[in-house]
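# Topology and contacts: notes
In case you want the letters, here they are:
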Amino acid sequence: MERSGRDLAFAFLGGAVLLFIAAPIAGLYLASSPHALAGAAADPELRASIWLSLWVSMAGTALSALFAVPLAYLLARNTFPLKGLVNGLIDLPVIIPHSAAGIALLGIVAREGWLGRAAGAAGLSFVDHPAGIMLAMAFVSVPFLINAARDGFAAVPVRLERIALTLGASPARVFFTVSVPLAWRSILSGFILMWARGISEFGAVVIVAYNPKTAPVLIFEKFNSYGLGQAVPAAAVLVAVSLLVFTALRLVKDEA
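Residues numbered from 1 in each chain as written. Predicted model: local features only at pLDDT ≥ 70, side-chain atom pairs only at ≥ 80, totals over all residues. Heavy atoms only, no water.

Applying the stated rule across the entire model yields six aromatic pairs. Taking the centre distance of 5.2 Å and the plane angle of 90 degrees together, the rings of Tyr 73 and Phe 153 count as edge-to-face. Of this pair, Tyr 73 sits in helix H3 (residues 44-77) while Phe 153 sits in helix H7 (residues 130-154), and the two are 80 residues apart along the sequence. Tyr 73 gets classed as buried once you look at its relative accessible area, which sits at 19%. Here Phe 153 falls in the buried class, since its relative accessible area comes to 0%. Ring geometry for Trp 195 against Phe 246: centres 5.3 Å apart, planes inclined by 65 degrees, an arrangement best described as edge-to-face. Placement of Trp 195 in helix H9 (residues 171-200) and of Phe 246 in helix H12 (residues 228-255) is noted, with a sequence separation of 51 residues between them. Taken individually, Trp 195 and Phe 246 each receive the classification buried, so the pair is uniform in this respect. Ring pairs connect the aromatic residues Tyr 73, Phe 153, Phe 175 and Phe 176, which therefore count as one cluster. (Phe/Tyr/Trp six-rings, centres within 6.5 Å; stacked < 30°, edge-to-face > 60°. Helix = DSSP H or I, 4+ residues; strand = E, 2+ residues; numbered from the N terminus. Buried < 20%, exposed > 50% of the residue type's maximum accessible area, 1.4 Å probe, protein only.)

Below you can see the structure in the form of structure tokens.
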């Protein structure tokens, strides 16, 4: 099939975007020697920070899914007053500066805040604790899960749910055996996006819980203290780990 001028123009424009994405990433590795990369990969502090980022974001995503997926279903299946306001509120964490998000969160999780006081009564603390990191990550990333799941549920034909109801299935059974399986790819996509966004969060995390250091916070600290010489190899290692993890997850999603 002969390529049209339009396709060639679009290929050029698309290639420019891909180059814009790939060039800075490639620059990380071109600017780092193999010795520097090996040293960064062997750094116990960096490895601990990457592991912390991975598992805390995963835990926050899994916990959020228990609340976000049912909310997404309600938004996909119901019309109610102020629904537009609710949708706007869901997207708000994506819009506001994340340093502002961290300050807003700190207001409720600090010892003087209502959530901080409740946690303190139970002997817990969110400030400078993985639980605080989890809240900060979830706050800025949960819109990705809600929006993806909502779009997935909206694409499920309502008639299939109604047929299941007429055959005697309960609403809960219809949700778990019809709606969720048919919307599963969108839910999983939102799960992956939320996890990825949580791992990369810096602004909200650094305000709520500077310690223990997540990978973005540690890389920022290395840049401030030692300059690019220390920060670039650490950033390259984090990018490599992220690429491996999320390539694997995308493959799982495509086969699901």
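What follows deals with the environment of Ala 22. Relative to the helices and strands, Ala 22 resides in helix H1 (residues 5-30). Separated by 138 residues in sequence, Ala 22 and Leu 160 have C-alpha atoms that sit 43 Å apart.

Now for the nonpolar core. One finds Val 69, Ile 146, Phe 153, Phe 175 and Ile 187 to be the most contacted residues of the largest nonpolar core, which totals 20 residues. Listing elements by their share of this core, those giving two or more residues are H3, H7 and H9. Per-element tally for this core: the top contributor is H3, with seven residues. When residues no more than four places from it in sequence are discounted, the contact partners of Ile 187 are Val 69, Leu 145, Ala 149, Phe 153 and Val 180. (Core = buried A, V, L, I, M, F, W, Y, C linked by side-chain atoms within 4.5 Å. Contact = heavy atoms within 4.5 Å.)

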